Amino acid sequence: MPPQGLPRPDKASLDGLAASLENAIDREAAARPNPGRSSLHRLNRSEYANAIRDLLALDVDTTALLPPDDESYGFDNIADVLKTSPSLLERYMSASWNISRLAVGDPSIGATSAVYRARADLSQTGHLEGLPLGTRGGIVVAAQFPARRRICD
């Protein structure tokens, strides 16, 4: 604005146009205060990847995990387009299982077990250092659990 070669309107004219538009929008909003229902919709692939990144600090390739999103007028985040079918829900569930395995730790680390035995001569009448106050007897064990990376600080 304005078209090439024509002078730009003065500030008063621009302010008058802005005020006129604002008043018209306010009148319509007051006449119809209920804008209707918004459709419940799922996250699209990009939004899902961003949520995983923000919540779990993981960068995942959702294009490999989820099917392409439908589009309407070039947008893939419109509620009417983001319907949920049973097969799509299965894909989201499968993606969540893969992502949760990445978040928890290295899937190549196998399960292990350890047996901790209390000494036979250990008294059950006294307090053991490292246990909560007021407890009698028990055992204190320091265990290291293998994990790929820390999720939280």
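Fair warning: this is a prediction, and the values are worked out from it, not measured in the lab.

Asks: Could you clarify how one ought to interpret the overall build of the protein in this entry?
Replies: In terms of regular secondary structure, the protein is built from 4 helices and 0 strands. Secondary structure elements of the protein occur, N-terminal to C-terminal, as α-α-α-α. The contacts of the protein with a sequence gap of at least 6 include a subset with a gap of at least 24, amounting to 51%. Per element, the accessible surface of the protein, about 12500 Å² overall, is 56% carbon and sulfur.

Asks: Even after reading the chapter, I still don't get the nonpolar core, so can you show me in this structure?
Replies: The nonpolar side chains of a soluble globular protein tend to be buried, and buried together. Within the largest apolar cluster, 10 residues are counted, these being Tyr 48, Ile 52, Leu 58, Val 60, Leu 66, Leu 88, Tyr 92, Ala 95, Ile 99 and Ala 103. For this core, the elements supplying multiple residues, two or more each, are helix 2 (45-56) and helix 4 (86-104). Sorting elements by how many residues they give to this core places helix 4 first, with 5 residues. Setting aside residues up to four positions removed in sequence, Ile 99 forms contacts with Tyr 48, Ile 52, Leu 56, Leu 58, Val 60 and Leu 65.

Asks: Sorry if this is basic, but what is going on with the side chain of Thr 62 here?
Replies: Structurally, Thr 62 can be placed in helix 3 (residues 62-65). Among the residues examined, Thr 62 registers a relative accessible area of 6% and is labelled buried. Look past the residues within four positions of Thr 62 in its chain and what remains in contact with it is Arg 45, Tyr 48 and Ala 49.

Asks: When you look at the pattern of salt bridges in this model, what are you seeing that I'm missing?
Replies: When the charged atoms of two side chains with opposite charge come close together, those side chains can pair. Within this structure, the stated rule accounts for 5 salt bridges. In this structure, Arg 42 and Asp 69 form a salt bridge, with 3.0 Å as the shortest nitrogen-oxygen distance. Of this pair, Arg 42 sits in the loop between helix 1 (11-31) and helix 2 while Asp 69 sits in the loop between helix 3 and helix 4, and the two are 27 residues apart along the sequence. The pair formed by Arg 42 and Asp 69 is uniform in burial state, with each residue classed as buried. The salt bridge partner of Arg 53 is Asp 54, with a shortest N-O separation of 3.1 Å.

Asks: Explanation requested: the packing of helix 2 against helix 4 in the structure shown.
Replies: Geometrically, a packed helix pair is captured by the angle between its two axes and the distance between the axes. Between helix 2 and helix 4, the least distance of the axes is 12 Å, while the angle of their chain directions is 25°. Viewed along their axes, helix 2 and helix 4 adopt a mutual orientation that is roughly parallel. In the packing of helix 2 onto helix 4, the handedness of the crossing is right-handed. On helix 4, the residues touching Arg 45, Tyr 48, Ile 52 and Leu 56 of helix 2 are Tyr 92, Ala 95, Ser 96, Ile 99 and Ala 103. Classifying every residue of the contact of helix 2 with helix 4 gives 7 nonpolar, 1 polar and 1 charged.

Asks: Just checking my understanding: could you explain a nonpolar patch on the surface for this structure?
Replies: Residues Leu 89, Met 93 and Trp 97 make up a contiguous nonpolar surface patch of about 320 Å² in total accessible area. When you line up the elements, Met 93 lands in helix 4.

Asks: Would you mind showing me how to read the side chain of Asp 69 here?
Replies: According to the relative accessible area criterion, Asp 69 is buried, its value standing at 14%. For Asp 69, the side chain forms a polar contact with the side chain of Arg 42, separated by 3.0 Å. A polar contact of 2.8 Å, which involves the side chain of Asp 69, links it to the backbone nitrogen of Arg 45. Aside from chain neighbours lying at most four places away, what touches Asp 69 is Arg 42, Asn 44, Arg 45, Asp 76 and Leu 82.

Scoring rules and cut-offs
- Residues numbered from 1 in each chain as written.
- Predicted model: local features only at pLDDT ≥ 70, side-chain atom pairs only at ≥ 80, totals over all residues.
- Heavy atoms only, no water.
- Helix = DSSP H or I, 4+ residues; strand = E, 2+ residues; numbered from the N terminus.
- Contact = heavy atoms within 4.5 Å.
- Areas by Shrake-Rupley, 256 points an atom, 1.4 Å probe, with all protein chains shown as cover.
- Core = buried A, V, L, I, M, F, W, Y, C linked by side-chain atoms within 4.5 Å.
- Buried < 20%, exposed > 50% of the residue type's maximum accessible area, 1.4 Å probe, protein only.
- Salt bridge = Lys/Arg side-chain N within 4 Å of Asp/Glu carboxyl O.
- Axes fitted to C-alpha atoms, helices over the stretch in contact; angles between N-to-C directions.
- Parallel < 35°, antiparallel > 145°, perpendicular 65-115°, else oblique.
- Left-handed = near helix turned anticlockwise from the far one by under 90°.
- Nonpolar A, V, L, I, M, F, W, Y, C, P; charged D, E, K, R; others polar.
- Patch = residues over 30% accessible without salt bridge, like charges linked within 9 Å, V, L, I, M, F, W, Y side chains within 5 Å.
- Polar contact = N/O pair within 3.5 Å; in protein donor to acceptor, adjacent residues only side chain to side chain.

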